[in-house]
Amino acid sequence: MSILIAFLSLAIERILGYPDWLFRAVGHPVTWFGRLIAFLDLRLNRDTDSDALRRRRGVQALLVIVLVPAAIAFIVQILLWQVFPAGMIITAILASSLLSQKSLTEHVEAVADSLDTGGLALGRIAVARIVGRDPEKLDHAGVSRAAIESLAENFSDGIVAPAFWTGVCGLAGGVAYKAANTADSMIGHRTPHHEAFGRAAALFDDWINLPASRLTALLIVAAAFLVDGADPRNAWQAVRRDAKKHRSPNAGWPEAAMAGALGLALAGPRSYGGVIVEDAYMGEGGRREADSTDIRRALKLYQIADYLLIALFGLLSAVVIYLDVLISQ
């Protein structure tokens, strides 16, 4: 029934999102994981320790970060199913908090709106909320490309991956993924303070995102068949040609698919904290000049791909239920 939980959670979050009043009242799972990660980072990651010791402690911290929330989620799911007749629905509501379909749309749309109403200055402010690169170095096209790249990557990391692992292992799987992904975003950086301690978190995040990144690329290619002006053939070619060139083993797949579908060239050299990061182009040969219209085209492509994801889990749920009925007869 894990697949059914994933399907229900996707449908619930797509409609309701994560209410602001709930965030103000109790926070969000990411903020809870963040407190645990920050505590372990403070206690275990000392600059005076050797890199070997910090790597070992990073592994220990990762085990705590992943296993403790997952164990709690597993117990909660078992208790809900045993105590409440609607335990599966409640579990799906809890799992929906691990997804970001609605908020991703809102944040990326805000960049397009800001560019249209306030120009480059407001666009930089809006895009700085969703990307880590230096916004002051971005021109109008750079802001637009950054928003589209973030949309593609976060579709994989923030939606497809947690849904996938929820479908595989239930609420515990989704929670474990989200905790690990949060750890990577907080300590999985190649900085003097975190390179050794966060190495395990970064590698583990790469591994667990492998299936979702590939699935995301396929969803975007499939969505391109259904969106006017999108090019599914070019999207597929860009994935095959460019995805493996990205410095990340996963981010290149959805970015290349999005770039190819829209005829853009995404990624390439970017500035983070004043340091230029050299990266290959996704959708090589496409346009570098992008604007708010391209952001909105990317959003339409993402929304169709997201509906395809929900439909896929719905179909898988129906198949599982049908097989379960056949076996029980």
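Residues numbered from 1 in each chain as written. Predicted model: local features only at pLDDT ≥ 70, side-chain atom pairs only at ≥ 80, totals over all residues. Heavy atoms only, no water.

K.L.:
I keep staring at the packing of aromatic side chains and nothing clicks. Help me out?
P.N.:
Note on aromatic pairs: each is described by the distance of the centres and the angle between the planes. Under the definition given, this model contains two aromatic pairs. Seen in terms of ring centroids, phenylalanine 155 and tyrosine 302 are 5.2 Å apart; in terms of plane orientation they differ by 80 degrees. Their pairing is edge-to-face. With phenylalanine 155 in helix α7 (residues 140–187) and tyrosine 302 in helix α12 (residues 292–328), this pair connects stretches of sequence that are 147 residues apart. Phenylalanine 155 gets classed as buried once you look at its relative accessible area, which sits at 1%. (Phe/Tyr/Trp six-rings, centres within 6.5 Å; stacked < 30°, edge-to-face > 60°. Helix = DSSP H or I, 4+ residues; strand = E, 2+ residues; numbered from the N terminus. Buried < 20%, exposed > 50% of the residue type's maximum accessible area, 1.4 Å probe, protein only.)

K.L.:
Could you clarify how one ought to interpret unusual backbone geometry in this entry?
P.N.:
For residues besides glycine, phi is generally negative; the peptide bonds are generally trans as well. In this model, alanine 267 sits at a positive phi of 65 degrees, which is unusual for a non-glycine residue. If you trace the backbone, alanine 267 turns up in strand β1 (residues 266–267). Judged by relative accessible area, which is 1%, alanine 267 ranks as buried.

K.L.:
Help me understand the nonpolar core, please; the structure alone is not making it clear to me.
P.N.:
Counting residues in each nonpolar core, the largest one holds 86 residues, and the members touching the most others are Val111, Val127, Phe155, Met258, Ile295, Leu301 and Leu309. Sort the elements by how many residues they give to this core and α7 lands first, with 20 residues. When near neighbours in sequence (up to four residues on either side) are disregarded, methionine 258 contacts Ile148, Leu151, Ala152, Ile220, Ala298 and Leu301. (Core = buried A, V, L, I, M, F, W, Y, C linked by side-chain atoms within 4.5 Å. Contact = heavy atoms within 4.5 Å.)

K.L.:
How should I be thinking about the environment of asparagine 45 in this particular structure?
P.N.:
Within the fold, asparagine 45 resides in the loop between α3 (29–44) and α4 (51–83). Residue class for asparagine 45 comes out buried when judged on its relative accessible area of 4%. Sequence separation between asparagine 45 and histidine 193 is 148 residues, and the spatial gap between their C-alpha atoms is 7.8 Å. Among residues more than four places away in sequence, those in contact with asparagine 45 are Leu40, Arg54, His193, His194 and Phe197. A polar contact of 3.0 Å, which involves the side chain of asparagine 45, links it to the side chain of aspartate 41. (Polar contact = N/O pair within 3.5 Å; in protein donor to acceptor, adjacent residues only side chain to side chain.)

K.L.:
Can you walk me through the pattern of salt bridges in this structure?
P.N.:
Enumeration over the complete set of coordinates arrives at 12 salt bridges. Here arginine 14 ties to aspartate 306 by a salt bridge, and the two come within 2.6 Å at their closest N and O atoms. Pair noted here: arginine 14 is in helix α1 (residues 2–16) and aspartate 306 is in helix α12, with a separation of 292 residues, a long-range link. For aspartate 306, a relative accessible area of 0% translates into the label buried. Aspartate 242 is paired through a salt bridge with lysine 245; the nearest N and O atoms lie 3.6 Å apart. Accessibility expressed as a relative area gives 38% for lysine 245, which makes it partly exposed. (Salt bridge = Lys/Arg side-chain N within 4 Å of Asp/Glu carboxyl O.)

K.L.:
In this structure, what is going on with the packing of α4 against helix α5 (residues 87–96)? I would like to understand it.
P.N.:
When two helices pack together, their arrangement is given by the angle between their axes and by how far apart the axes lie. Contact geometry of α4 with α5 gives a least axis separation of 7 Å together with a crossing angle of 150 degrees. In terms of orientation, α4 and α5 fall into the roughly antiparallel class. Taking contact as the criterion, the partners of Val76, Gln77, Leu80 and Trp81 in α4 are, on α5, Gly87, Met88, Ile90, Thr91 and Leu94. Among the residues forming the contact of α4 with α5, the class breakdown is six nonpolar, three polar and no charged. (Axes fitted to C-alpha atoms, helices over the stretch in contact; angles between N-to-C directions. Parallel < 35°, antiparallel > 145°, perpendicular 65-115°, else oblique. Nonpolar A, V, L, I, M, F, W, Y, C, P; charged D, E, K, R; others polar.)

K.L.:
Explain the environment of tyrosine 272 to me, please; I cannot follow it from the model alone.
P.N.:
Checked against the element boundaries, tyrosine 272 lands in strand β2 (residues 270–272). For tyrosine 272 and phenylalanine 33, which are 239 residues apart along the polypeptide, the C-alpha to C-alpha distance reads 25 Å.

K.L.:
What am I meant to see in the side chain of glutamate 13 here?
P.N.:
Of note, glutamate 13 is situated in helix α1. Arginine 14 is the oppositely charged side chain nearest to the buried, salt-bridge-free glutamate 13, at an N-O distance of 7.1 Å. Beyond its immediate sequence surroundings of up to four residues, glutamate 13 is in contact with Tyr18, Ser96, Leu99, Ser100, Gln101 and Lys102. (Lys, Arg positive; Asp, Glu negative; His and termini not counted.)

K.L.:
Explanation requested: helix α10 (residues 232–242) in the structure shown.
P.N.:
One turn of an α-helix holds 3.6 residues; hence residues three or four places apart share an orientation. Every buried residue of α10 is listed here: Pro232, Ala235, Ala238, Val239 and Asp242. Looking down the long axis of α10, one finds its buried residues gathered within 125 degrees of arc, a one-sided arrangement. Along α10, the residues that are exposed and aim more than 90 degrees away from the buried face are Arg233 and Arg240. The elements touched by buried residues of α10 are α9 (210–224), α11 (252–262) and β4 (281–282). (Arc of directions from axis to C-beta.)

K.L.:
For this particular structure, what's the right way to read the packing of helix α6 (residues 101–127) against α12?
P.N.:
Running from amino to carboxyl end, α6 crosses α12 at an angle of 170 degrees, the nearest separation of the two axes being 9 Å. Comparing the axis directions of α6 and α12 gives the class roughly antiparallel. The element α6 and its partner α12 pack so that their crossing is left-handed. Every residue of α12 that contacts α6 at Gln101, Leu104, Thr105, Val108, Glu109, Val111, Ala112, Asp113, Leu115 and Asp116 is listed here: Ser292, Ile295, Arg296, Leu299, Tyr302, Gln303, Asp306 and Ile310. Among the residues making up the contact of α6 with α12, the classes are represented as nine nonpolar, four polar and five charged. (Left-handed = near helix turned anticlockwise from the far one by under 90°.)

K.L.:
Is there a simple way to explain α12 in this structure?
P.N.:
When the terminal C-alpha atoms of α12 are compared, their 54 Å separation across 37 residues agrees well with the 54 Å that a helix rising 1.5 Å per residue should span. N-cap assignment for α12: the residue whose side-chain oxygen lies 3.0 Å from the backbone N of threonine 293 is aspartate 291. (Expected span 1.5 Å × (residues − 1).)

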